[in-house]
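# Structural characterization, general
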Amino acid sequence: MTSTTRLTVAQALVRFLSAQYTERDGARHRLIGATWGIFGHGNVAGIGQALVEYGDVMPYHQGRNEQAMVHAAVGYARQSGRLSTHAVTTSIGPGATNLVTGAALATINHLPVLLLPGDVFAARPADPVLQQLEVPYAGDVSVNDCLRPVSRYFDRITRPEALIPSALQAMRVLTDPVETGAVTLALPQDVQAEAYDWPEEFFAERTWVVRRPGADPTELAEAVRAIRGARRPLLVAGGGVHHSRAEAALAEFAAVTRIPVASTQAGKGSLRFDHPQDVGGVGHTGTATADELARTADLVIGVGTRYTDFTTASGTLFAHPDVRFLNLNIAPYDGHKLAGMPLIADARSGLMELTAALDMHAYRVAASYLAEYTEDKERWEQRVDACYEADEPDVRPTQPQALGVLDALVDESDVIINAAGSLPGDLHKLWRARSRDQYHLEYGYSCMGYEIPAAIGVKLAAPERRVWALVGDGTYLMMPTEIVTAVQEGVAIKVLLVQNHGYASIGGLSEETGAERFGTAFRHRAADGTFTGAPLPVDLAANAASLGMRVLRAKTVSDLREALAEARDADTPTCVYVETQTADTVSGPPPAQAWWDVPVAETATRPSAVKARELYERHVSTRRRHLRRSNRS
């Protein structure tokens, strides 16, 4: 007879989660490293009580905002190579719906996170309960259903025994390198507290192997033929390189073939900036070197990339009339994009197989091609130096100069985190990534407010690293709340807070598209009704200090250099605050090297919009749909 243990559903779930592990390449990791939670009537007596009951096996972190808790869990998961993550529990109502943005971010970026929102009573003894959304046409819908489209797996546990198959499916999805993302188990508050006789086997340790599938031999042979036949190949490294820990395999592939390697935002750092084959970011925010190679490439080898519109310059970048695409990707959906030749495999496995096959044929790109992109890269590095250079150290820095000061200070052990605003473009063009995980840009969802909570998650995953959250004033105002969490738990993150008095990135885009920077400046309303008055008297440094963070103010380049050095050595949460020059422009780095499609008003009377539309139509005319098959059939 099977032995059982009588526990509540919440207790059983916490105990089950504490016994789940992943394994890849012989290394074993705990899958759910901790649980974040904000408690309300929908989870306090269920999951809350269970976390007290099993506090010895399930660590708990107290959050201040539900969305931010998901960001922290995602940061932890990314730093852990998707082999470990955190769970997040909330009450019903606004606590649950606050999860939606974080869930979308996790799923878009293929990063695992387990969401455990409370739900309304399954037995409906009180109907409606506090915070319940009544749906007249359906009795089985709650606000948690908002999480369905942004979750890779969703289930509502309306009976205790339903937890067993659902929990196992949840672990399957979290550990699947193709399917992973947000997983939601909605937990009615009465079911959480209900007892059941659980089979002991449910609590046994389980190890979920994160597989590394190799390439199909036929697809591999076709891929080798395509590369050998290319005169101007370019490899585009996406986030899948990092997820697979394929950086060393990529470096070997590049060294053997001498094929230049460009990177998406998610893939930057796949090669060190000083690797001979690294040519920097590609696409709208890319380098001139990478984008010119992309325009003339006859074969684009995408490794672990989704080919977003920033990477393809909205379909205008890959301009060679006979360009073909070879897509090494673990996900068939992405492997077939742009009518590409699919090579469906784990990034590391696939690169190793390609390298071996091409080395056997002694394949190398032509010496003239190598010389061409090497010289172009040297010229771009000189442009980076010019952007970083501060001729007058006693004046306010520009944003690129601020990045230059930080760039000169860090080493490969530092991690920088960013997500939105004008900083991602500057960083993609200019930052010199020194290690595989130094550059942490969340650009799949480009979510303002991600940086500070994600930095906490990264620091929890790698306490030995120096972790920097780079935030502009617009992003900071979205979600500074987790500074309190960092202070409470002594998580010594560093925040570089850049004040430029508004949504600088969108302000620049607004100007380019004829919208005249409307609604993008943080300024007083002027007499004509526009926001063109004096900057708002908002003291963000004082705000950070009021939340418990140590704050260092820097007014000049020299001040900034000293403050960043002091913050880097600090063992408590520390913020460096600086106001940059040219607050009414984006940032002053090299302009975009490729287009991005943001539709412009087709009819307008204002000259700025008319001019912007004319330019827009010229760009649109160069867009291509890549439909020509890349294989021989």
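These remarks concern the structure in this document.

Here is what the cut-offs are and how they apply
Residues numbered from 1 in each chain as written. Predicted model: local features only at pLDDT ≥ 70, side-chain atom pairs only at ≥ 80, totals over all residues. Heavy atoms only, no water. Helix = DSSP H or I, 4+ residues; strand = E, 2+ residues; numbered from the N terminus. Rg over C-alpha atoms; globule rule 2.2 N^0.38 Å. Buried < 20%, exposed > 50% of the residue type's maximum accessible area, 1.4 Å probe, protein only. Contact = heavy atoms within 4.5 Å. Areas by Shrake-Rupley, 256 points an atom, 1.4 Å probe, with all protein chains shown as cover. Lys, Arg positive; Asp, Glu negative; His and termini not counted. Charge placed at Lys NZ, Arg CZ, Asp CG, Glu CD. Salt bridge = Lys/Arg side-chain N within 4 Å of Asp/Glu carboxyl O. Patch = residues over 30% accessible without salt bridge, like charges linked within 9 Å, V, L, I, M, F, W, Y side chains within 5 Å. Expected span 1.5 Å × (residues − 1). Arc of directions from axis to C-beta. Phe/Tyr/Trp six-rings, centres within 6.5 Å; stacked < 30°, edge-to-face > 60°. Lys NZ or Arg CZ within 6 Å of the ring centre and 35° of its normal. Core = buried A, V, L, I, M, F, W, Y, C linked by side-chain atoms within 4.5 Å. Pairing = 2+ DSSP bridges. Axes fitted to C-alpha atoms, helices over the stretch in contact; angles between N-to-C directions. Parallel < 35°, antiparallel > 145°, perpendicular 65-115°, else oblique. Left-handed = near helix turned anticlockwise from the far one by under 90°. Nonpolar A, V, L, I, M, F, W, Y, C, P; charged D, E, K, R; others polar.

## Some words on the overall build of the protein
When helices and strands are counted, the protein shows 24 helices and 23 strands. On C-alpha atoms alone, the protein measures out to a radius of gyration of 25 Å, which is about the 26 Å that the 2.2 N^0.38 rule sets for 633 residues. Dimensions of the protein, computed from C-alpha atoms along their principal axes, come out at roughly 75 × 70 × 55 Å. Evaluated residue by residue, the protein yields a buried proportion of 57% over its 633 residues. For the protein, restricting intrachain contacts to residue pairs at least 6 apart in sequence, the fraction spanning at least 24 positions comes to 77%. A total accessible area of about 25000 Å² is found for the protein, and carbon and sulfur atoms account for 53% of it. For the protein, the centre of its 61 positive side-chain charges and the centre of its 74 negative side-chain charges are spaced 4 Å apart.

## Looking at the pattern of salt bridges
Inspection of every chain in the model, using the stated rule, returns 33 salt bridges. Salt-bridge contacts for R15 lead to E200; the nearest nitrogen and oxygen are separated by 3.3 Å. Of this pair, R15 sits in helix 1 (residues 9-17) while E200 sits in the loop between strand 10 (195-199) and strand 11 (206-209), and the two are 185 residues apart along the sequence. By relative accessible area, R15 is classed as partly exposed at 23%. By relative accessible area, E200 is classed as partly exposed at 28%.

## Section: a nonpolar patch on the surface
Where nonpolar side chains cluster on the molecular surface, the patch consists of F39, V44 and Y60 and spans about 240 Å² of accessible area. Looking at the secondary structure, you find Y60 in strand 5 (residues 60-62). When its relative accessible area of 32% is taken as the criterion, Y60 is described as partly exposed.

## Overview of helix 23 (residues 557-569)
With 13 residues, helix 23 ought to run about 18 Å at 1.5 Å a step, and its terminal C-alpha atoms sit 19 Å apart, in line with that. Where helix 23 is concerned, the buried positions are V557, L560, A563, L564, A567 and R568. Seen along its axis, helix 23 keeps its buried residues to an arc of 135°; they face one direction. Seen from the buried face of helix 23, the exposed residues on the opposite side, beyond 90 degrees, are E562 and D569.

## Observations regarding the environment of Q169
Topologically, Q169 is positioned in helix 6 (residues 163-174). Overall, the relative accessible area of 33% leaves Q169 in the partly exposed class. For the pair Q169 and F253, spaced 84 residues apart in sequence, the C-alpha to C-alpha distance is 36 Å.

## Remarks on the packing of aromatic side chains
In this structure the tally under the stated criterion is twelve aromatic pairs. Between the aromatic rings of Y196 and W198, the centroid separation amounts to 4.9 Å while the plane-to-plane angle is 75°, which identifies the pairing as edge-to-face. Ring centres 5.7 Å apart and planes at 20° place the aromatic pair W198 and F202 in the stacked group. The burial state of W198 is the same as that of F202; both residues are buried. Positioned over the ring face of Y439 is K268, at 5.5 Å from the centre of the ring.

## Thoughts on the nonpolar core
Counting residues in each nonpolar core, the largest one holds 51 residues, and the members touching the most others are I227, L235, F253, I301 and L351. With sequence-adjacent residues up to four places away left out, I227 is seen in contact with F253, I259, L299, I301, L326, L354, L358 and Y363. Counting 46 residues, the second largest nonpolar core, distinct from the first, contains V74, A469, A486 and Y577.

## Re the sheet that holds strand 2 (residues 20-24)
Pairing between the strands of a sheet comes from backbone hydrogen bonds, and it takes one of two forms, parallel or antiparallel. Pairing in this open sheet of three strands is mixed, and the strands run 3-2-11 from one edge to the other. Of all the strands in the sheet, the pair left with one neighbour each is strand 3 (27-30) and strand 11. For this sheet, the mean angle separating the axes of adjacent strands, direction not counted, is 30°. The pairing of strand 2 with strand 11 spans four bridges and is classified as parallel. Residue Y21 lies in a different strand from strand 11, and its bridge partner there is T207.

## So, the sheet that holds strand 15 (residues 299-303)
Spatially, the six strands line up as an open sheet ordered 14-13-12-15-16-17, and their pairing is parallel. Either end of the sheet is taken by a strand with one partner, and the two such strands are strand 14 (278-281) and strand 17 (341-344). When strand polarity is set aside, the average angle formed by the axes of neighbouring strands in this sheet is 20°. In the sheet, strand 13 (residues 261-263) pairs with strand 14 via three bridges, with the strands oriented parallel.

## So, the packing of helix 10 (residues 247-257) against helix 14 (residues 347-360)
Relative orientation of the contacting elements helix 10 and helix 14 amounts to 20°, with a least axis distance of 9 Å. Taken together, the axes of helix 10 and helix 14 lie roughly parallel to each other. The chirality of how helix 10 crosses helix 14 is left-handed. Contact with helix 10, carried on its side by A249, L250, E252, F253, V256 and T257, involves R348, L351, M352, L354, T355, L358 and D359 of helix 14 and no other residues of that element. Residues belonging to the contact of helix 10 with helix 14 are distributed by class as follows: eight nonpolar, two polar and three charged.

## As for helix 20 (residues 482-489)
Burial in helix 20 covers these residues: E482, I483, T485 and A486. Take helix 20 and look down its axis: the buried residues cluster within an arc of 155°, on one side only. Its buried side turned inward, helix 20 meets strand 4 (32-37), strand 5, helix 3 (66-79), helix 18 (451-461), helix 19 (473-478) and helix 22 (540-546). The positive-phi residue at the C-terminal boundary of helix 20 is G490, with phi of around 65°.

## Description of unusual backbone geometry
Going from D127 to P128, the amide bond is cis rather than trans, its omega being 10°. Take P128: it is sitting in the loop between strand 7 (113-119) and strand 8 (153-156). Although it is not a glycine, R124 sits at a positive phi angle of roughly 55°. Among the secondary structure elements, R124 is positioned in the loop between strand 7 and strand 8. In this structure R124 comes out as partly exposed when scored by relative accessible area, which is 43%.

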